Amino acid sequence: MSVLVFPNQNRWIARVIKVLFVCTGNICRSPTADGVFGKMVAATGLSEQILVESCGLSAYHVGEAPDPRSCEMAQRRGYDLSTIRSRKIKPDDYTQFDYVLAMDDGHLRDMRRQAPATSQHKLELFLDYHPELSGQSVPDPYYGGPNGFSHVFDMIEATSRQLLAHIRNQHGL
């Protein structure tokens with residue numbers, strides 16, 4: 001199976017798969033998933049086929065870099081979060097992205113209330129792609145100390161591998 005394509009004025013254009021990670025303020029969990037998943041996508045040579053972004057449900061931290069503890073843990077594990085800046089989810093994100101992944105069940109509930117009916121099928125818990133943690137939430141490491149960030153990275157790395165395998169399989173990449 002090949003990349004999904006469709007005709008456009010006598011030429012074929014590859015369809016880009018868009019993935020959005022969502023948490024509360026877009027400074028801990030969702031930018032971590034953005035950085036980890038983005039690096040995995042790049043390592044497989046799929047950066048032109050898979051677009052990765054993150055955002056928050058609140059505007060508390062718009063324009064800010066990820067939490068320094070997330071950045072430090074990312075750097076220790078070989079990821080770079082330095083270019084990510086917090087942004088608030090926009091109404092058209094629900095229609096523009098193919099996967100809108102909530103980091104916890106509270107985010108998913110809020111997203112279900114905000115998203116149009118035609119986009120409900122795109123809303124999922126991120127950990128639903130983890131073989132053992134489906135239906136669970138990524139804990140917020142903000143108040144959990146340094147071990148909380150390490151634990152969150154472990155979950156995000158394992159889940160990102162499974163998510164990438166799923167997307168490659170579903171979309172023939």
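Residues numbered from 1 in each chain as written. Predicted model: local features only at pLDDT ≥ 70, side-chain atom pairs only at ≥ 80, totals over all residues. Heavy atoms only, no water.

Q: Give a description of the overall build of the protein that names residues and reports values.
A: Helices and strands together make up the secondary structure of the protein, namely 5 helices and 6 strands. When the helices and strands of the protein are read in sequence order from the N terminus, they spell out β-β-β-α-β-α-α-β-α-β-α. The C-alpha radius of gyration computed for the protein amounts to 16 Å, which stays within 12% of the reference 16 Å derived for 173 residues, consistent with globular compactness. Here the protein holds 173 residues, and the buried ones make up 47% of them. Across the protein, the fraction of contacts at a sequence separation of at least 24, relative to all contacts at a separation of at least 6, is 71%. Of the accessible surface of the protein, which amounts to about 8,700 Å², a share of 50% is contributed by carbon and sulfur atoms. Charged side chains in the protein number 18 positive and 19 negative. The centres of these two groups are separated by 4 Å. (Helix = DSSP H or I, 4+ residues; strand = E, 2+ residues; numbered from the N terminus. Rg over C-alpha atoms; globule rule 2.2 N^0.38 Å. Buried < 20%, exposed > 50% of the residue type's maximum accessible area, 1.4 Å probe, protein only. Contact = heavy atoms within 4.5 Å. Areas by Shrake-Rupley, 256 points an atom, 1.4 Å probe, with all protein chains shown as cover. Lys, Arg positive; Asp, Glu negative; His and termini not counted. Charge placed at Lys NZ, Arg CZ, Asp CG, Glu CD.)

Q: An account of the sheet that holds strand E3 (residues 17-23) is requested, with residue identities and associated values reported.
A: With parallel pairing, 4 strands are arranged side by side in an open sheet as E4-E3-E5-E6. Only two strands of the sheet have a single partner each, and these edge strands are strand E4 (50-56) and strand E6 (123-125). Each adjacent strand pair in this sheet contributes to an overall mean axis angle of 25°, direction not counted. In this structure, E3 lies alongside strand E5 (residues 99-102), joined through 4 bridges in parallel fashion. Paired with Leu 20 across the strands is Val 100, a residue of E5. The sheet contacts of helix H1 (residues 29-43) involve E3 and E4, and relative to E4 the element is tilted by about 170°. Across the sheet, helix H4 (residues 105-114) lies against E3, E5 and E6, angled at about 170° from E6, the strand it touches most. (Pairing = 2+ DSSP bridges. Axes fitted to C-alpha atoms, helices over the stretch in contact; angles between N-to-C directions.)

Q: Which residues make up the environment of Asn 147, and what values do they have?
A: With respect to the secondary-structure elements, Asn 147 resides in helix H5 (residues 145-171). Look at Asn 147 and you get exposed, because its relative accessible area is 65%.

Q: Quick one: what's the story with the layout of surface pockets, residue by residue and with numbers?
A: If you add up the space inside the largest pocket, you get close to 180 Å³. The wall of the largest pocket is formed by Cys 23, Thr 24, Gly 25, Asn 26, Ile 27, Cys 28, Arg 29, Tyr 60, His 61, Asp 140, Tyr 142 and Tyr 143. Class assignment for the residues of the lining of the largest pocket results in 6 nonpolar, 4 polar and 2 charged. (1 Å grid on protein atoms, 1.4 Å probe; cavity = no way out; pocket = protein on both sides within 12 Å on 5 of 7 lines; lining within 4 Å. Points joined across faces, edges and corners; volume = space filled by probe spheres on them. Nonpolar A, V, L, I, M, F, W, Y, C, P; charged D, E, K, R; others polar.)

Q: Describe the side chain of Ser 54, with residues and values.
A: Counting through the fold element by element, Ser 54 comes out in strand E4. Polar contacts involving the side chain of Ser 54 include one to the side chain of Asn 26, which spans 3.0 Å. A polar contact of 3.0 Å, which involves the side chain of Ser 54, links it to the side chain of Asp 34. If we skip the residues at most four places from it in the chain, Ser 54 touches Leu 20, Phe 21, Asn 26, Ser 30, Pro 31, Asp 34, Ile 84 and Arg 87. (Polar contact = N/O pair within 3.5 Å; in protein donor to acceptor, adjacent residues only side chain to side chain.)

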